[in-house]
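Here is what each chain is made of, one letter per residue.
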Amino acid sequence: MGIEGVIFKKLVKHCDDRGFFAEILRDDDYLLTHFGQLSWSMSYPGVIKAFHYHKEQDDIWFFPSGNVQVVLHDLRESSVTKGETDVYYMGEENPSTLLIPRGVAHGYRVLGEKSAVVIYCTTKSYNPAQPDEERILWDDPSIGFDWTTKHR
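Residues numbered from 1 in each chain as written. Predicted model: local features only at pLDDT ≥ 70, side-chain atom pairs only at ≥ 80, totals over all residues. Heavy atoms only, no water.

One open sheet accounts for five strands, arranged E8-E7-E10-E5-E12; its pairing is antiparallel. Taken across any chain shown, the strands that pair with only one partner, and hence form the sheet edges, are strand E8 (85-91) and strand E12 (134-135). By the bridge criterion, two bridges tie strand E5 (residues 48-53) to E12 in an arrangement that is antiparallel. Bridging across to E12, tyrosine 53 finds its partner in glutamate 134. (Pairing = 2+ DSSP bridges. Helix = DSSP H or I, 4+ residues; strand = E, 2+ residues; numbered from the N terminus.)

Moving on: the nonpolar core. Counting 16 residues, the largest nonpolar core has Phe63, Val68, Val70, Leu72, Leu98 and Tyr108 as its most contacted members. Broken down by secondary-structure element, the contributors of at least two residues to this core are strand E6 (59-65), strand E7 (67-74), E8, strand E9 (96-100), strand E10 (104-111) and strand E11 (116-122). Residues contacting tyrosine 108, with those up to four places away along its chain left out, are Ser43, Val47, Ile48, Lys49, Ala50, Trp61, Phe63, Val68, Gln69, Val70, Val118 and Trp147. Counting residues in hydrophobic clusters, the runner-up holds eight residues, among them Ala50, Tyr53, Val71 and Ile136. (Core = buried A, V, L, I, M, F, W, Y, C linked by side-chain atoms within 4.5 Å. Buried < 20%, exposed > 50% of the residue type's maximum accessible area, 1.4 Å probe, protein only. Contact = heavy atoms within 4.5 Å.)

A complete count under the given rule lists six aromatic pairs for this structure. Ring geometry for phenylalanine 8 and tyrosine 88: centres 5.5 Å apart, planes at 20 degrees, overall stacked. Linking phenylalanine 8 in strand E1 (residues 7-10) with tyrosine 88 in strand E8, this pair joins segments that are 80 residues apart in sequence. Under the relative-accessibility criterion, phenylalanine 8 is labelled partly exposed at 34%. Measuring from centroid to centroid gives 5.2 Å for phenylalanine 63 and tyrosine 108, while their planes differ by 75 degrees, and the two rings are edge-to-face. Of the two residues, phenylalanine 63 sits in strand E6 while tyrosine 108 sits in strand E10, which places them 45 residues apart along the sequence. (Phe/Tyr/Trp six-rings, centres within 6.5 Å; stacked < 30°, edge-to-face > 60°.)

This is the structure we're talking about:
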């Protein structure tokens, strides 16, 4: 079923002999209620960046290079999916965007031997005087997510 309010958008790449073009986010996708900031970050292989959540902003994530395992955990009291955890695999092998609603804890683990780059949009700009960012440990027992790769 997935976590309520989360939207996963598969991207379409238009390829030709010069390279490719893809639209990441459009206003008629109706994913963001308001645009705040566009940011860019890189993480090294094996890094886990988790967890945090926002009380006031929504995020949209896109990983143009590298591959990641994204983990979401719904903390919203009014959500029908409160307490549920969901996993998405994103990156150059699965080009996609992910809307992460406010109140949903999120984090990711870089997969493989290559660094991962994330480009993300938020509905609010970062304010260092009053950051809208609450942290939860990556191994918090209330979430109970096992970040290890399962060999099958």
